[in-house]
There are 2 protein chains.
Amino acid sequence: MQSFEYYSPTEVIFGKNTEEKTADKIKKYGGTRVLVLYGGGSVVKSGLLERIEQNLKKENIPYKILGGVRPNPHLGFAKSGVEQAISFGADFILAVGGGSVIDTAKGIAHGVANPDTDIWDFWIEEKQVEKSLPVGVVLTISAAGSETSDSAVLHNEDTGAKIGMTTDFNRPRFAIMNPELTFTLPKFQVACGIVDIMMHTLDRYFTLTENNQITDEIAEGLLRVVIENGRIAMENPSDYNAMSELMWCGSISHNGLTGLGAATDFAPHQLGHELSGKFDIAHGASLSVMWGAWAKYCYNEKPKRFVRFAEKVWNIENNGIDDEIAITAIDKTTSYFKSIDMPICFTDLGIGIQNDEMLRELARRCSFFGKRTIGQFKVLNEEDMYQIYKLANI
Amino acid sequence: MQSFEYYSPTEVIFGKNTEEKTADKIKKYGGTRVLVLYGGGSVVKSGLLERIEQNLKKENIPYKILGGVRPNPHLGFAKSGVEQAISFGADFILAVGGGSVIDTAKGIAHGVANPDTDIWDFWIEEKQVEKSLPVGVVLTISAAGSETSDSAVLHNEDTGAKIGMTTDFNRPRFAIMNPELTFTLPKFQVACGIVDIMMHTLDRYFTLTENNQITDEIAEGLLRVVIENGRIAMENPSDYNAMSELMWCGSISHNGLTGLGAATDFAPHQLGHELSGKFDIAHGASLSVMWGAWAKYCYNEKPKRFVRFAEKVWNIENNGIDDEIAITAIDKTTSYFKSIDMPICFTDLGIGIQNDEMLRELARRCSFFGKRTIGQFKVLNEEDMYQIYKLANI
């Protein structure tokens, strides 16, 4: 087991009707004037936003509502949120939604606490976050894990860059998680969430680090549970047990727990971010497309790791031929993605790329124009990235 | 999955030489004058205490050292610690040791922050902790999990009562966990730790709650890892990997994670506390003695749960005869305890009880003189407790 630091201070309140505790928790963490952030109209239609407003009113907490956060959340929107939060005098940001809303809330919180800083500077590592406002979450989508994670992704619509930034100041103070709030999600979003949850663990699980037993056990158990309950959730998104498992797995898949003590990879995430940024593709879909290509290109670095994955996660019998078992496990995984109606190649995305130069361009951008490598399981340079995009371009 | 709340804010710093970060972390959490608490002479002999003193001196943090915490930590000692911390003007308590030292530090922290309250009132639930001092930990024994848990046990030497008290104010701010610090432990303490870690999960795992998949997976994975690495650690307590697995499992076994979403039991802990209080028996030894008797008395409440335990943890083949499999799993578990030289009955403890009245007395005290039941898997009254003590009295 390698050395690690683990810090996951978010208070989780999990179960039916837990959104009724929103105002209580805001007060507990010092909020007195709240910017309430949401995305599309679903939280309006479902009545959730109104219930939260009533809850805030009952406790006499002044609030201002700001809707309209988009998927692949835009930097420009976050910046305008900072201005509105400051002019309202907000001292607490409440995110009602999924990853994009939560990540935008984190960006706004950093901006309000650092009014003289362009928040993008935090994302491009020009500056470090040293103070922020408290953020609370009422979660409506099991996927990103942002409700307890230290990361936030923003998309700079001017440069096309989509970057994830990690800091402990990104950890929300509390996360209210009522699985019933996810019952009305469109199936595509449920499926995107399933992929995202699996990928947060897979991108940690594929590592060259040996002897990391309890972390491996947690990762493998989580993958088995998500695979099984993902199938049930796609059949019946109102299955409380299945949606509960997905919701809690979503959090622990991205709070650090499934990768402690090992080097983590995250190359598929980086490859996917570039694709999402370029074609405005849902995050989960970018991951289901990139993972199979990444795995086929990289498994040879350490086939035994894929053999363990095959045995523990997919219950594939070990016939002693490592390469064969590894490929079977990769195929099982992409077939699973396909079975929940997720794309696994560019054609499935409707962006079959005829132009080789476009693949080169994706690799150039993903490598920061040749300035960075990505991944740990196999360190990938620009040429490797190109080859992987090419493998996905079927 | 039942509703739950989960809050585990302790910052974990895990790996070799991490004790060098002690002063940094104390400052991070606002400490300026520190009471350093330890138990026996082992931290003196090993040089750890001196290294920590040097670390504090380097950062100009004034401190006062207080040694002598005993196993089954005494209320009287904690009270005198409160006095000394107040007269020194401590605003931070640093525990260097295992569960007893950490629990005493928690008690002292509550006492300093509430100088007009008898701290025992918090333990007997006469009063609620509403403020406390920050506590940090340098862990030297993998066992109690107190370094990240919300609980603390104190032993009132006047009344003989040994009581665990839970509050979020019991959560340490940070836990420094260097597995190398556990290399010099006597084997009996290593073995007690293994049992304690397993029992923190077993006492959560045996529940009537159905459909709690990710929590069950984490619990079962943890038990497999502790059983395997416990064997290695008993052979070679300097095996860094094995001691790492035990150390991290010790924390997550008692920070809540392995029982979320289900009713928990903890009857064996209560039965063991009574035994420890009466005969001054090591906590781990009280648990290895009580668990088998508890399991044999209670498994019939839901044999299928023991069948799952048999299959997942002990890899026992399911022959379809539930009772037989359950008993085999119980015997496997107690045989494992025995294999690491832990007692599994009163005779092993050297306290074979001839006098039936003594068994009745244990049950009377454990039931608070008939005023409480314990357990959830099977709710146990005074008569049940007597029957279990009787089963252990072989």
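None of the values given here were measured: they were computed from a predicted structure.

A. Structural view of the overall build of chain A. Across its full length, chain A holds 16 helices and 8 strands. Relative to its length of 394 residues, chain A is compact, with a C-alpha radius of gyration of 21 Å against a globular reference of 21 Å. The dimensions of chain A, computed from C-alpha atoms along their principal axes, are 65 × 45 × 45 Å. Counting the 394 residues in chain A, one finds 57% classified as buried. Expressed as a percentage of contacts within chain A between residues at least 6 apart in sequence, the contacts between residues at least 24 apart total 76%.

B. The arrangement of the pairing of strand β1 (residues 4–14) of chain A in detail. Across 7 bridges, the pairing between β1 of chain A and strand β1 (residues 4–14) of chain B is antiparallel. Its bridge partner lying in β1 of chain B, Y6 of chain A is registered against V12 of chain B. Here β1 of chain A pairs with strand β8 (residues 174–177) of chain A via 4 bridges, running parallel. When the sheet's bridge partners are listed, V12 of chain A is paired in β8 of chain A with A175 of chain A.

C. Fine view of the relation of the copies chain A and chain B. The two copies are related by a screw motion: chain A maps onto chain B through a turn of 180 degrees and a shift of 0.0 Å along the axis, at an RMSD of 0.0 Å. Seen this way, the second copy is the image of the first under a two-fold rotation axis. The C-alpha atom lying nearest the rotation axis in chain A is that of P9 of chain A; the distance is 1.8 Å. Interface overlap between copies: 100% of the residues of chain A at the interface are likewise at the interface in chain B, consistent with a symmetric, same-surface contact.

D. Looking closely at the interface of chain A and chain B. With 28 residues of chain A at the contact, the number on the chain B side is 28 residues. Those elements that place two or more of their residues in the side of chain A that touches chain B are β1, α8 (213–235) and α9 (240–252) of chain A. Tallying contributions element by element places β1 of chain A first for the side of chain A that touches chain B, with 10 residues. Along the lines of polarity and charge, the residues of the side of chain A that touches chain B split into 14 nonpolar, 8 polar and 6 charged.

E. Up close: the domain arrangement of chain A. All names here are of chain A. By domain assignment, chain A separates into domain 1 (11–182) and domain 2 (187–392). Computed over C-alpha atoms only, the centres of domain 1 and domain 2 are separated by 27 Å. The interface is formed by 20 residues belonging to domain 1 together with 24 residues belonging to domain 2. Within the side of domain 1 that touches domain 2, the residues separate by chemical class into 9 nonpolar, 8 polar and 3 charged.

F. The arrangement of the sheet that holds strand β3 (residues 63–66) of chain A in detail. Read from one edge of the open sheet, 12 strands run β3(A)-β2(A)-β4(A)-β5(A)-β8(A)-β1(A)-β1(B)-β8(B)-β5(B)-β4(B)-β2(B)-β3(B), paired in mixed fashion. Two strands in the sheet have a free side with no partner beyond their single neighbour: β3 of chain A together with β3 (63–66) of chain B. Between one strand and the next, the sheet's axes are offset by a mean angle of 20 degrees, whatever the strand orientation. Examined bridge by bridge, strand β4 (residues 92–97) of chain B and strand β5 (residues 135–139) of chain B share 5 bridges and lie parallel to one another. Looking at the pairing, V96 of chain B lines up with V138 of chain B of β5 of chain B. Taken strand by strand, helix α5 (residues 99–113) of chain A contacts β2 (34–38), β4 (92–97) and β5 (135–139) of chain A, and its axis lies near 170 degrees from that of β4 of chain A.

G. The nonpolar core, seen in detail. By size, the foremost hydrophobic cluster in this structure holds 260 residues, and its most contacted members are L37, I93 and V96 of chain A together with L37, I93 and V96 of chain B. Among all residues touching V96 of chain B, those that are not within four sequence positions of it are V36, L37, Y38, V43, L48, L49, I52, V101, V138 and T140 of chain B.

H. The arrangement of helix α7 (residues 187–205) of chain B in detail. The terminal C-alpha atoms of α7 of chain B, which comprises 19 residues, lie 27 Å apart, in line with the 27 Å expected from a rise of 1.5 Å per residue. Taken across its 19 residues, α7 of chain B has 17 buried, putting it largely inside the fold.

I. Representation of the environment of E357 of chain A within the structure. Note that E357 of chain A resides in helix α15 (residues 356–366). Through-space distance from the C-alpha of E357 of chain A to that of Y386 of chain A is 9.9 Å; in sequence the pair is 29 residues apart.

J. Structural view of unusual backbone geometry. One non-glycine residue with positive phi stands out, namely N17 of chain A, at about 65 degrees. Along the chain, N17 of chain A falls in the loop between β1 and α1 (22–28). Looking at N17 of chain A, the number of C-beta atoms within 10 Å reads 11, which means it is exposed. In the Ramachandran plot, D280 of chain B falls in the positive-phi region, its phi being about 50 degrees despite a non-glycine side chain. As for its placement among the helices and strands, D280 of chain B is situated in the loop between α10 (267–279) and α11 (283–298). Take D280 of chain B: there are 11 C-beta atoms within 10 Å of it, and that puts it in the exposed class.

K. Summary view of the pairing of β2 of chain A. Residues and elements named next belong to chain A. Of all 5 residues in β2, 5 are buried; the element is thus mostly enclosed. Burial along β2 is two-sided: the face carrying V34, V36 and Y38 and the face carrying L35 and L37 are both buried. Of the pairings in the sheet, the one linking β2 to β3 comprises 4 bridges and is parallel in character. Within β3, the position partnered with L37 by the bridge is L66. Both β2 and β4 contribute to a ladder of 5 bridges, which runs parallel. Each bridged residue has a counterpart across the sheet, and for L35 the counterpart in β4 is I93.

L. A look at the packing of helix α4 (residues 75–88) of chain B against helix α5 (residues 99–113) of chain B. Residue and element names in this part refer to chain B. Relative to each other, α4 and α5 sit at 50 degrees, their axes nearing to 8 Å. With respect to α5, the element α4 is oriented oblique. Here α4 runs over α5; the crossing is right-handed. Here α4 contributes F77, A78, K79, G81, V82, A85 and I86 to the contact with α5, which in turn contributes T104, G107, I108, G111 and V112.

M. Structural context of the packing of helix α11 (residues 283–298) of chain A against helix α13 (residues 322–339) of chain A. Residue and element names in this part refer to chain A. Closest axis-to-axis distance for the α11/α13 pair is 10 Å, and the angle between their directions is 170 degrees. Comparing the axis directions of α11 and α13 gives the class roughly antiparallel. Packed against α11, whose contacting residues are S288, G292, A295 and K296, the element α13 presents I330, T334 and F337 at the interface. Within the contact of α11 with α13, the residues separate by chemical class into 3 nonpolar, 3 polar and 1 charged.

Cut-offs and rules
- Residues numbered from 1 in each chain as written.
- Chains lettered and ligands numbered in written order.
- Predicted model: local features only at pLDDT ≥ 70, side-chain atom pairs only at ≥ 80, totals over all residues.
- Helix = DSSP H or I, 4+ residues; strand = E, 2+ residues; numbered from the N terminus.
- Rg over C-alpha atoms; globule rule 2.2 N^0.38 Å.
- Buried ≥ 20, exposed ≤ 12 C-beta atoms within 10 Å, placed from the backbone.
- Contact = placed C-beta atoms within 7 Å.
- Pairing = 2+ DSSP bridges.
- Least-squares fit on C-alpha atoms with pLDDT ≥ 70 in both.
- Nonpolar A, V, L, I, M, F, W, Y, C, P; charged D, E, K, R; others polar.
- Domains from an automatic or database assignment.
- Axes fitted to C-alpha atoms, helices over the stretch in contact; angles between N-to-C directions.
- Core = buried A, V, L, I, M, F, W, Y, C linked by C-beta atoms within 7 Å.
- Expected span 1.5 Å × (residues − 1).
- Parallel < 35°, antiparallel > 145°, perpendicular 65-115°, else oblique.
- Left-handed = near helix turned anticlockwise from the far one by under 90°.

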